[in-house]
Amino acid sequence: LEDPLPTISQAHTRQVLDQAAQILRSGQVVGMPTETVYGLASNALDSAAAQRIFRAKNRPQDNPLIVHVSSLKMLRSMLKDNEIPEVYNDLIKTYWPGPLTLLFPRSSLIPNDITCGQATVAVRFPSHPITRALITACNLPLAAPSANSSGKPSPTLASHVMDDLAGKIPMVIDGGQCSFGIESTVVDGLRVPPAILRPGGVTYEQIRLVKGMESVQVYKKHFTDIAMEQAPTTPGMKYRHYSPEAEVVLVEYIRPSTSKQEQENGGATTAQYSVIKNEIKRMREEGKSRFGILRTSFNNSCASTASTSGPLNGISSNSIYCTSDPSVIEFPLGQGSKPEDVARELFRGLRYLDSQKVDCIFVEGISEEDEGLAVMNRIRKAASRTIA
Ligand code: TXA
Ligand code: MG
């Protein structure tokens with residue numbers, strides 16, 4: 001169970017938003033919640049303000065920022081000839097506001113510090129009410145990358161932003177846990193055929209149903225850095241990402257067996273879990289002693305051994321343990337069959353297990369369908385090796 005959010009009066013929210021808007025208008029940065037992950041915002045029309053983002057995050061200078069708007073009017077005012085390319089009409093109608101970022105030809109209004117030499121600018125119209133109210137309160141488009149230190153898992157709680165950036169930024173607005181938990185989908189509709197440069201909150205399956213997007217390309221499994229360098233893609237994807245201190249090992253998804261006998265014998269031990277147990281045994285022989293598992297392969301017999309106390313108590317509403325071994329910490333990401341649950345908890349789980357000072361974090365992979373594609377993309381980028 002989680003504590004209910006404290007009741008916040010509208011007047012209080014207004015006061016916080018006004019204060020944040022004032023900080024942003026003065027050229028400083030503010031941490032803000034969005035429906036995907038927390039962002040580190042600054043005035044998108046001011047290059048000195050953009051530089052403050054790069055400094056606070058220690059972000060590579062060639063990785064461009066996404067610009068956030070709260071209306072199509074604001075978007076048009078930033079574009080060449082104030083025109084939204086027709087190819088985006090149906091995507092915008094269907095998925096904005098929401099976790100979808102689109103590339104537009106860059107106009108001279110957008111400083112090069114935001115676009116980092118690209119001919120395009122990436123723009124998102126977020127759905128989170130606080131993000132929208134903040135942009136409206138400043139009456140400025142806001143540049144915002146994820147509000148983590150570069151290379152760390154993206155923040156899905158205000159406390160994650162504080163863990164990375166306290167002392168480096170003047171303010172974070174606490175909007176609770178981000179509802180999606182993984183960054184937006186980045187779509188380039190200016191190229192033919194259009195391409196998904198980064199999978200995210202709006203899925204490939206959803207995008208290709210939209211008029212004009214039938215032939216949209218996506219790089220699926222084993223989306224590696226080499227593949228990226230060969231295909232022009234989104235600059236930020238080439239960096240090692242989402243990496244905690246511990247070694248991260250991806251345990252490839254294994255389709256659950258439909259054989260009755262295996263199900264009966266399997267009990268709490270799914271195929272992925274068996275692979276992990278063997279690897280833990282091997283690593284113990286190498287002298288490693290503490291392990292974390294981000295679990296997606298729970299089944300009912302596992303849940304029946306659930307405990308509600310222990311290190312996860314109060315951390316996750318669905319804390320479940322299959323093991324009583326205190327040197328193995330399990331963090332439930334939800335059932336693999338529900339990729340949206342996994343998406344919401346993934347970065348929090350990586351950060352939590354890292355705080356537990358484990359030597360190695362095993363992440364149980366899921367199927368790459370729907371939101372699973374974005375989830376697996378982030379896990380592959382965090383992992384230094386894969387076992388199956
Ligand atoms: O959900 C999100 O998109 C979050 C929230 C805060 O809105 N933001 C976010 O920003 O994830 P960031 O900076 O962590 O990721 C931006 C991604 C990077 O991979 C970057 O390379 C790509 O978007 N990008 C930005 N501008 C681009 C451009 N003009 N062309 C291609 N890729 C671009
Ligand atoms: Mg990021």
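Residues numbered from 1 in each chain as written. Chains lettered and ligands numbered in written order. Predicted model: local features only at pLDDT ≥ 70, side-chain atom pairs only at ≥ 80, totals over all residues.

1. Digging into the pairing of strand E13 (residues 360–364)
In regular strands, side chains alternate between the two faces of the sheet.
Right, so step 1: Within E13, 5 of the 5 residues are buried, leaving the element largely enclosed by the surrounding structure.
Right, so step 2: Judged from the 5 bridges that link them, strand E10 (residues 247–251) and E13 form a sheet pairing that is parallel. Bridging from a neighbouring strand, Val 248 pairs with Ile 361 of E13. (Buried ≥ 20, exposed ≤ 12 C-beta atoms within 10 Å, placed from the backbone. Helix = DSSP H or I, 4+ residues; strand = E, 2+ residues; numbered from the N terminus. Pairing = 2+ DSSP bridges.)

2. Side note on the sheet that holds strand E11 (residues 291–295)
Right, so step 1: Read across the sheet, 5 strands follow the order E12-E11-E13-E10-E14 without closing on themselves; strand pairing throughout is parallel. Both edges of this open sheet fall to strand E12 (328–332) and strand E14 (385–387), since each of them pairs with a single strand only. Adjacent strand axes in the sheet meet at a mean angle of 25°, parallel and antiparallel pairs treated alike. (Axes fitted to C-alpha atoms, helices over the stretch in contact; angles between N-to-C directions.)

3. Thoughts on helix H13 (residues 339–355)
Right, so step 1: Given a rise of 1.5 Å per residue, 17 residues ought to cover 24 Å, and the 24 Å separating the end C-alpha atoms of H13 matches this to within 8%.
Right, so step 2: The largest bend along H13 measures about 40° and falls at Glu 345.
Right, so step 3: Taken across its 17 residues, H13 has 14 buried, putting it largely inside the fold.
Right, so step 4: Within two residues after H13, Lys 357 carries a phi angle of roughly 55°, on the positive side. (Expected span 1.5 Å × (residues − 1). Bend = angle between axes of the 7 residues up to and from the residue.)

4. Some thoughts on the UniProt feature "domain: YrdC-like" (unreviewed entry) in the protein chain
Right, so step 1: The sites that carry the UniProt feature "domain: YrdC-like" (unreviewed entry) are, in the present numbering, residues 14–202.
Right, so step 2: Measuring from the first to the last C-alpha atom of residues 14–202 gives 30 Å, for a span that is 31% helix and 17% strand. (UniProt positions renumbered as here; feature names shortened; annotations may be inferred.)

5. Considering the domain arrangement of the protein chain
Right, so step 1: What the domain assignment reports for the protein chain is domain 1 (10–237) and domain 2 (247–387).
Right, so step 2: Per-class residue counts for the side of domain 1 that touches domain 2 are 7 nonpolar, 6 polar and 3 charged. (Domains from an automatic or database assignment. Nonpolar A, V, L, I, M, F, W, Y, C, P; charged D, E, K, R; others polar.)

6. Focus: the sheet that holds strand E7 (residues 185–188)
Right, so step 1: Strand order in the open sheet made by the 9 strands is E1-E2-E6-E3-E5-E4-E7-E8-E9, with mixed pairing throughout. In this open sheet, the two strands that pair with only one neighbour each are strand E1 (30–32) and strand E9 (217–218).
Right, so step 2: Sheet analysis places E7 next to strand E8 (residues 195–198), joined by 3 bridges and oriented antiparallel. Bridging from a neighbouring strand, Val 186 pairs with Arg 198 of E8.
Right, so step 3: Sheet contacts for helix H6 (residues 129–138): E1, strand E3 (66–68) and strand E6 (142–143); angle to E1, the most-contacted strand, approximately 145°. (Contact = placed C-beta atoms within 7 Å.)

7. Remarks on the environment of Leu 103
Right, so step 1: With respect to the element layout, Leu 103 can be found in strand E4 (residues 100–105).
Right, so step 2: C-beta crowding within 10 Å serves as the criterion here: with 24 such atoms nearby, Leu 103 is assigned to the buried category.
Right, so step 3: Here the alpha-carbon distance between Leu 103 and Pro 194, two residues 91 residues apart in the chain, equals 11 Å.
Right, so step 4: For Leu 103, the residues in contact, after removing those within four places along its chain, are Thr 120, Ala 122, Asp 188 and Leu 190.

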